[in-house]
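Topology and contacts: notes
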Amino acid sequence: MRGVRMSRGWIAAVALWATLVPAWSQAAPSAKLCRAVCVEQIASCIASGQPRAGCARLTLWRCRHEGLGVCQRAQVLEATRDPGGNLVPPDLLTAVARSSNEIDLSWTDSNAHDTGYAVERSTDPSGGFVVIAIVSQSPLSFRDASVADRTTYSYFVRAISRKGTYSPPSNILSATTPPAADTVAPTVPTLQHATAVSCAQVDLVWTASVDSGTSGLKGYDLYRDGLRVAQVLSPATSTSDAGLAPMTSYGYSVSAIDNAGNESLPSVPVTVTTPPCPTSTTVPPTTTTSTSTTTTTTPTASGGMAVRACLGKDSSATQYDRIVAAGFTALDRAAYRDYLDGLPAGVKALVWLGDYDNTTCTWEKSDDWIRTHVEAIAGHPAIAAYYIADEPHLWDCPLAAVHLKARSDFVKSLDPAHPTMAVIEPHWPENPYTPYVGTVDIIGVDRYPCSYVNGCVFSKIDDTLALLDQAGVPHYWAFIQAFADSYYRMPTADEVHEEFRHWRQSRMEGYVVFSWAYGIDTLENHPDLIDALGWENSQ
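Residues numbered from 1 in each chain as written. Predicted model: local features only at pLDDT ≥ 70, side-chain atom pairs only at ≥ 80, totals over all residues. Heavy atoms only, no water.

Considering the side chain of Ser170
Along the polypeptide, Ser170 turns up in the loop between strand 6 (152–161) and strand 7 (173–176). Apart from residues no more than four positions distant in its own chain, Ser170 is found in contact with Pro89, Pro90, Leu93, Phe156 and Val157. (Helix = DSSP H or I, 4+ residues; strand = E, 2+ residues; numbered from the N terminus. Contact = heavy atoms within 4.5 Å.)

Rendered as structure tokens:
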């Protein structure tokens, strides 16, 4: 019987051996395979600053318990429950973007037996998270300095037990890094044109720069002889430098600046020399021809006024009989010979040649139109001046003065016997007189003093006269207010006389009343104003 019992014991031992050997024989290949598959994950863990032994032990433990997919899924960690059921997720995770290359994380943890934390990150949570660090138990924070600017990152944290198991994930939190500081200057502009358009002004044009940084292009700094004299905001690539001395050389360069304050190198300098200022006086001439010589004389009204003009039309058959009867010596007429031929003796015309469009910065009339119409009337004795623009705006069109000069030169090339005139609205500092000096022969000055809101403020005329003197405007005609619209009100007869009192103390060489008829009103509805204007015309 004892032999039988021993035989049975040996049988049980053999059976136990038979069950243990396969398990052991399978464990060894599994560990070897995990070491081969998880090489990169272990290396990444070590590179993050964690102990080599800890990285290997934790990674291989997870691989053996969860399968090779732990490493084959790009280090994506799945929740592994603690066998003792003691680990809970970390709580109150916060993520704060401290700078363009740093996001700081912190959290709380109520586990008593954990040894560290796994920090996981994603830029696309729907595609999964990746372990970026294994951190120790204290402090409960992590500084992620491997982020890029202007990017949103999502995070969660898991607690790691002493047995190497992982808790479920904490709450997921996202943070977006701000743009990196712009330290890159824009490209260097090229100064293409620097032209002395008068004895006191140089016009400049340059190429546009490109900002390679993140703040965007702000504009350009203009330098004259090494000193900054102006800043031009983008996208403008031109400006005028006025108030210069005649017969003087100036060196110009331009640099680009961005909104972060970075400035490019200056462009290659360009030297410009201003011409001498003209010394002759240009006034509306008439030409008389004899068989032997041609002479030019200057017709002026009494009191030295070259013109006593009135814009608009009256109700007579000729549309000017009542205007002439009030003592006016000049009218506005279109550029047609028969209009000029029909004027009474001694009455001249301000010939209207179309306006400058401040919305497109172009002329209403083409050069071909100007050539055709001016050539047809050139030299006509009834022309007082060519009226070529009414209130161009530098704040809308930075090259308005350049364009005005070119149009004036073109008109005078077709009819050198008669001057050009343009009305300039005196807005300071957006539309100063200085850039317009030398663009036309005569500047028309409209500063209307009477409005519904403020009454008549005649000091506006005095302020304008000061601006004219400061700019050195050589020849100008005053535009007298005798109209009303939604803002300006019609002056009284006494207020018209006060306008003239202020203007007659100036250097004006003529005047133009605006207007005999404007909108729905006409001076014929105000006989007292006609009488006042008639008296002024007689002075």
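Read on, since the account is not over.
Here we look at the sheet that holds strand 1 (residues 91–99)
The pairing of strands in a sheet happens through backbone hydrogen bonds and is either parallel or antiparallel. Taken in spatial order, the three strands make up an open sheet running 1-2-5, and their pairing is antiparallel. If you trace the sheet from one side to the other, it starts and ends with strand 1 and strand 5 (141–144), each paired once. Put simply, the sheet's adjacent strands are angled 15° from each other on average, direction ignored. Relative to strand 5, strand 2 (residues 102–108) runs antiparallel, the two sharing four bridges. Note that in strand 5 the partner of Ser106 across the bridge is Ser141. (Pairing = 2+ DSSP bridges. Axes fitted to C-alpha atoms, helices over the stretch in contact; angles between N-to-C directions.)

Considering helix 8 (residues 400–414)
Relative to the 21 Å expected for 15 residues at 1.5 Å per residue, helix 8 spans 21 Å between its end C-alpha atoms, a close match to the ideal helical length. Of all the positions in helix 8, only Ala400, Ala401, Leu404, Arg407, Ser408, Phe410, Val411 and Leu414 are classed as buried. Turning to helix 8, the residues buried within the fold contact strand 9 (201–206), strand 20 (356–357), strand 21 (362–363), helix 7 (367–377), strand 22 (383–390) and strand 23 (420–424). (Expected span 1.5 Å × (residues − 1). Buried < 20%, exposed > 50% of the residue type's maximum accessible area, 1.4 Å probe, protein only.)

Observations regarding the environment of Trp352
Note on placement: Trp352 falls in strand 19 (residues 348–352). We classify Trp352 as partly exposed; its relative accessible area is 32%. The sequence separation of Trp352 and Asp332 amounts to 20 residues, and the corresponding C-alpha distance is 6.7 Å. When sequence neighbours within four positions are dropped, the list of residues in contact with Trp352 reads Arg333, Ala335, Tyr387 and Asp390.

Section: the state of the cysteines
A full pass over the atoms with the stated rule returns two disulfides. In this model Cys361 forms its disulfide with Cys397; the gap between the sulfur atoms is 2.0 Å. Taking the sign of the S-S torsion, -90° for the link of Cys361 and Cys397, the bridge is left-handed. Of this pair, Cys361 sits in the loop between strand 20 and strand 21 while Cys397 sits in the loop between strand 22 and helix 8; the two residues are 36 residues apart in sequence, bridging distant segments of the chain. Look at Cys397 and you get buried, because its relative accessible area is 1%. (Disulfide = S-S within 2.5 Å.)

Some remarks on the sheet that holds strand 3 (residues 114–122)
Pairing in this open sheet of four strands is antiparallel, and the strands run 4-3-6-7 from one edge to the other. Looking along the sheet, the strands with just one partner apiece sit at the ends: strand 4 (130–136) and strand 7. Put simply, the sheet's adjacent strands are angled 30° from each other on average, direction ignored. Of the strand pairs in this sheet, strand 6 and strand 7 are connected by four bridges, and their pairing is antiparallel. Paired with Ser154 across the strands is Ser174, a residue of strand 7.

Here we look at the packing of helix 10 (residues 493–503) against helix 11 (residues 527–537)
Interhelical geometry of helix 10 versus helix 11 gives an angle of 25° and a closest axis separation of 9 Å. Here helix 10 lies roughly parallel to helix 11, going by the angle between them. Along this stretch, helix 10 crosses helix 11, giving a crossing that reads as right-handed. Packed against helix 10, whose contacting residues are Ala493, Val496, His497 and Phe500, the element helix 11 presents Asp528, Leu529, Ala532, Leu533, Trp535 and Glu536 at the interface. The residue inventory of the contact of helix 10 with helix 11, partitioned by class, reads seven nonpolar, one polar and two charged. (Parallel < 35°, antiparallel > 145°, perpendicular 65-115°, else oblique. Left-handed = near helix turned anticlockwise from the far one by under 90°. Nonpolar A, V, L, I, M, F, W, Y, C, P; charged D, E, K, R; others polar.)

Details of unusual backbone geometry
Residue Pro235 is reached from Ser234 by a cis peptide bond, and omega for that bond is 10°. Among the structural elements, Pro235 can be located in the loop between strand 11 (227–233) and strand 12 (238–242). Of note, the amide linkage connecting Phe514 to Ser515 takes the cis form, showing an omega dihedral of 10°. Mapped onto the elements, Ser515 comes out in the loop between strand 28 (511–514) and strand 29 (517–518). One non-glycine residue, Arg150, adopts positive backbone phi at about 55°. Note that Arg150 resides in the loop between strand 5 and strand 6. For Gln319, which is not glycine, the phi dihedral falls at a positive 70°. The exposure class of Gln319 is partly exposed, given its relative accessible area of 36%.

Looking at the environment of His380
With respect to the helices, strands and loops of the structure, His380 is situated in the loop between helix 7 and strand 22. Exposure remark for His380: the relative accessible area of 7% places this residue in the buried category. Separated by 35 residues in the primary sequence, His380 and Asp415 place their C-alpha atoms 9.4 Å from one another. Residues in contact with His380, not counting those within four places in the same chain, are Arg337, Leu340, Asp341 and His418. Within the structure, His380 has its side chain in polar contact with the side chain of Asp341 (distance 2.6 Å). (Polar contact = N/O pair within 3.5 Å; in protein donor to acceptor, adjacent residues only side chain to side chain.)

Remarks on the nonpolar core
Inside soluble globular proteins, nonpolar side chains tend to come together where they are buried. Ranked by size, the top nonpolar core spans 67 residues in total, and within it Val351, Leu353, Tyr386, Ile388, Leu404, Tyr433 and Trp503 carry the most contacts. The greatest single-element share of this core, amounting to six residues, is contributed by helix 8. If sequence neighbours within four positions are ignored, Tyr433 has contacts with Ile424, Pro426, Ile443, Val445, Thr464, Leu467, Leu468, Ala471 and Val473. In this structure, Val307, Ala384, Tyr387 and Phe483 belong to the second largest nonpolar core, which totals 18 residues. (Core = buried A, V, L, I, M, F, W, Y, C linked by side-chain atoms within 4.5 Å.)

Some words on the pattern of salt bridges
For the structure on display, the rule yields 15 salt bridges. Notably, a salt bridge pairs Asp441 with Lys412, separated by 3.0 Å at the nearest N-O pair. Of the two residues, Asp441 is situated in the loop between strand 23 and strand 24 (442–446) and Lys412 in helix 8; the sequence distance between them amounts to 29 residues. (Salt bridge = Lys/Arg side-chain N within 4 Å of Asp/Glu carboxyl O.)

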